[in-house]
Amino acid sequence: MTLVWRHLLRPLFLVTSAPRILEMRPFLSRASWTSVTKLSLHTRPRMPPCDFIPERYQSLGYNRVLEIHKDHLSPVVTAYFQKPLLLHQGHMEWLFDAEGNRYLDFFSGIVTVSVGHCHPKVNAVAQKQLGRLWHTSTVFFHPPMHEYAEKLAALLPEPLKVIFLVNSGSEANELAMLMARAHSNNIDIISFRGAYHGGSPYTLGLTNVGTYKMELPGGTGCQPTMCPDVFRGPWGGSHCRDSPVQTIRKCSCAPDCCQAKDQYIEQFKDTLSTSVAKSIAGFFAEPIQGVNGVVQYPKGFLKEAFELVRARGGVCIADEVQTGLEGLGSHFWGFQTHDVLPDIVTMAKGIGNGFPMAAVVTTPEIAKSLAKRLQYFNTFGGNPMACAIGSAVLEVIKEENLQENSQEVGTYMLLKFAKLRDEFEIVGDVRGKGLMIGIEMVQDKMSRRPLPREEVNQIHEDCKHMGLLVGRGGIFSQTFRIAPSMCVTKPEVDFATEVFRSALTQHMERRAK
């Protein structure tokens, strides 16, 4: 009876309350939703079917939400779109707003929902643990923590076997900073320009994106170095990246020899010679920069940089908050794609599929150095709920072959989006690996000047109107960030690329007028 009620009333509800019309059509036993917008005919890609029917929204009205947000929540503007989405429910790669509109989520809660929104197995494990034990703190033992630690340690190479469980990526990176300094007896830590390693007082020193910087001092002892960005940086060519898609820049390098890498290494050496002490604490690097717009480094760069850091007494930290857990396809961890072995690995986001959870993994030697100097304690880190969910996520990745799916579908998607670069002058670069992709928008390919923010905003809005949610990144917010959950399929990729093509076509029509 409930299902009949939903089928009868939901179309009426959607038509009368939504800013765009959604038609619900029977597809065997499924509900197939088609977006109908005010755009021209060529901008109506058909949304793939979904066999999930969301509950009817019965909570706060949209205007009341805006009032509460204005009166009681942070005034910092973080929400996307002129009219921010009010989301109500999620299912795997799909999201539903308060008006019943369905969206294909290609940003996964900022690269966080790794195996799908409300994955049935993860949900079941969470509900079971919720009825058994929520919290104890680390002054007591509980099996979920030890079970998770054993599973996670098995996925990391020797000697990365000691795990500290925390709650967020910023917290993990702060702890890694403490470890590096405690072990090396040095203070200076290097990170790339364009890096994002968190927004807490310590990690703001590592983060080198202007909008996250304050006029007041903070994060002392952190030094930026040039990001080896082979598209926007001074050097780059046609063989630099570990990716099926290279830049449009040309070079005379042999495929196994990268002059751009050598030039960026010279810049790194210059930082070591001029900006830090003779002995340093460490070097932080994301295997692929996330917030800066999915920036990839030249092949071999990190390997040489790690050697230079260790020669100065420093430790090497891989920030896997956005790249870890097989989303890159070819490997479980991003650092493995660079053929390096870090001394410390930090992770968060996808390891909990959206549940607050993070970890720092290091060597026994570094862990002992911290223990000698600090009785580190974390009230909520490693709580029973987080650890049960973390174990379920690892099991789902293995049982559903999600690494293989990330590799196959991710490569398919990257090549599909790369075709848009060939079609549109304002698409300057398409890059990435696996399911982590960046599409950088420019005024023209020759100058590589960023497309103005207002124009990128309009393309972003058009994608949303057609049912596709993507992220933003880059120093000038000029890059679209694509990072769907690992359960994504090729038909959904086809839909996403057609939405992008329609949005870009419409933008070029606006420009022409």
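Residues numbered from 1 in each chain as written. Predicted model: local features only at pLDDT ≥ 70, side-chain atom pairs only at ≥ 80, totals over all residues. Heavy atoms only, no water.

### Notes on the overall build of the protein chain
Argument step 1. The helix and strand inventory of the protein chain stands at 13 helices and 17 strands.
Argument step 2. The C-alpha radius of gyration of the protein chain comes to 23 Å, within 12% of the 24 Å expected for a compact globule of 513 residues.
Argument step 3. Relative to its full complement of 513 residues, the protein chain shows a buried share of 56%.
Argument step 4. Here the contacts in the protein chain between residues at least 6 apart in sequence split such that 72% fall between residues at least 24 apart.
Argument step 5. As displayed, the protein chain has an accessible area near 22,600 Å², and 57% of this comes from carbon and sulfur atoms.
Argument step 6. Looking at the protein chain, you have 54 positive and 50 negative side-chain charges, and the mean spots of the two groups are 3 Å apart. (Helix = DSSP H or I, 4+ residues; strand = E, 2+ residues; numbered from the N terminus. Rg over C-alpha atoms; globule rule 2.2 N^0.38 Å. Buried < 20%, exposed > 50% of the residue type's maximum accessible area, 1.4 Å probe, protein only. Contact = heavy atoms within 4.5 Å. Areas by Shrake-Rupley, 256 points an atom, 1.4 Å probe, with all protein chains shown as cover. Lys, Arg positive; Asp, Glu negative; His and termini not counted. Charge placed at Lys NZ, Arg CZ, Asp CG, Glu CD.)

### Some points on the sheet that holds strand 9 (residues 282-285)
Argument step 1. In space, the seven strands of this open sheet follow the order 6-12-11-10-9-7-8, with mixed pairing throughout. On the outer flanks of this sheet lie strand 6 (162-166) and strand 8 (222-225), each paired with one strand and no other. Geometrically, the sheet is characterised by an average inter-axis angle of 20° between neighbouring strands, direction not taken into account.
Argument step 2. As paired elements, strand 11 (residues 344-347) and strand 12 (residues 358-362) share four bridges and run antiparallel to each other. Note on strand 12: the bridge partner recorded for Val-345 is Val-361. (Pairing = 2+ DSSP bridges. Axes fitted to C-alpha atoms, helices over the stretch in contact; angles between N-to-C directions.)

### Topic: the packing of aromatic side chains
Argument step 1. Taken as a whole and judged by the stated rule, the model has 15 aromatic pairs.
Argument step 2. Ring centres of Phe-192 and Phe-301 lie 5.8 Å apart, and the angle between their planes is 45°; this geometry places the pair in the tilted category. Within this pair, whereas Phe-192 is found in strand 7 (residues 189-192), its partner Phe-301 is found in helix 8 (residues 301-311), the two being separated by 109 residues in sequence.
Argument step 3. A residue is classified by how much of its surface remains accessible, and Phe-301, at 1% relative accessible area, is buried.
Argument step 4. Both rings, one in Phe-268 and one in Phe-283, keep their centres 5.0 Å apart while their planes meet at 65°; by these two values the pair is edge-to-face. In this pair, Phe-268 sits in helix 7 (residues 259-274) while Phe-283 sits in strand 9, placing the two residues 15 residues apart along the sequence. You'll find Phe-268 and Phe-283 in the same group, each marked buried. (Phe/Tyr/Trp six-rings, centres within 6.5 Å; stacked < 30°, edge-to-face > 60°.)

### Some details on the environment of Ile-475
Argument step 1. With respect to the helices and strands, Ile-475 occurs in the loop between strand 16 (471-473) and strand 17 (479-482).
Argument step 2. Of the residues examined, Ile-475 reaches a relative accessible area of 38% and is grouped as partly exposed.
Argument step 3. Sequence spacing of Ile-475 and Arg-193 is 282 residues, and the spatial spacing of their C-alpha atoms is 9.8 Å.
Argument step 4. Residues within four places of Ile-475 in sequence aside, it is in contact with Gly-194, Asn-208, Val-209 and Asn-292.

### Examining the environment of Thr-379
Argument step 1. For Thr-379, the position within the fold is in the loop between helix 9 (364-373) and helix 10 (384-399).
Argument step 2. With 244 residues separating them along the chain, Thr-379 and His-135 place their C-alpha atoms 9.2 Å apart.
Argument step 3. For Thr-379, the contacting residues outside a window of four places in its chain are His-135 and Ser-137.

### Considering the pairing of strand 7
Argument step 1. By the alternation rule, side chains of strand 7 split into Ile-189 and Ser-191 and Ile-190 and Phe-192, which are all buried.
Argument step 2. In terms of strand pairing, strand 7 meets strand 9 through two bridges, oriented parallel. Of the residues in strand 9, the one forming a bridge with Ile-190 is Phe-283.
Argument step 3. Of the pairings in the sheet, the one linking strand 7 to strand 8 comprises four bridges and is parallel in character. Residue pairing for strand 8: Ser-191 is matched across the bridge by Pro-224.

### What about the domain arrangement of the protein chain?
You'll often see interface size given as the accessible area lost when the parts meet.
Argument step 1. Assigned domains within the protein chain: domain 1 (80-109 + 402-512) and domain 2 (120-400).
Argument step 2. Opposite the 34 residues of domain 1 that make contact, domain 2 presents 39 residues.
Argument step 3. Of the roughly 3,000 Å² buried at the junction of domain 1 and domain 2 (both faces included), carbon and sulfur atoms supply 57%.
Argument step 4. Taken as a group, Lys-433, Met-436 and Arg-448 account for 25% of the area that domain 1 buries against domain 2, more than any other trio of residues on that side.
Argument step 5. The interface formed by domain 1 and domain 2 includes three salt bridges.
Argument step 6. Between Lys-433 and Asp-242 there is a salt bridge whose closest N-O contact spans 3.4 Å. (Domains from an automatic or database assignment. Buried area = accessible area lost by both parts, 1.4 Å probe. Salt bridge = Lys/Arg side-chain N within 4 Å of Asp/Glu carboxyl O.)

### Some words on helix 13 (residues 490-512)
An α-helix turns once every 3.6 residues. As a result, residues three or four positions apart point the same way.
Argument step 1. With 23 residues, helix 13 should cover 33 Å at 1.5 Å per step; its first-to-last C-alpha distance of 33 Å lies within 8% of that length.
Argument step 2. Burial in helix 13 covers these residues: Glu-492, Val-493, Phe-495, Ala-496, Thr-497, Val-499, Phe-500, Ser-502, Ala-503, Leu-504, Gln-506 and His-507. (Expected span 1.5 Å × (residues − 1).)

### Observations concerning the packing of helix 7 against helix 8
Argument step 1. Packing of helix 7 against helix 8 brings their axes to within 10 Å, and their N-to-C directions diverge by 25°. Considering their axes alone, helix 7 and helix 8 lie roughly parallel with respect to each other. Relative to helix 8, helix 7 is oriented so that their crossing is right-handed. Counted together, Lys-261, Asp-262, Tyr-264, Ile-265, Phe-268, Lys-269 and Leu-272 of helix 7 and Phe-301, Glu-304, Ala-305, Leu-308 and Val-309 of helix 8 form the full contact between these two elements. (Parallel < 35°, antiparallel > 145°, perpendicular 65-115°, else oblique. Left-handed = near helix turned anticlockwise from the far one by under 90°.)

### Notes on the side chain of His-460
Argument step 1. Mapping His-460 onto the fold places it in helix 12 (residues 453-465).
Argument step 2. Here the side chain of His-460 touches Val-470 through a polar contact of 2.9 Å, landing on its backbone oxygen. (Polar contact = N/O pair within 3.5 Å; in protein donor to acceptor, adjacent residues only side chain to side chain.)

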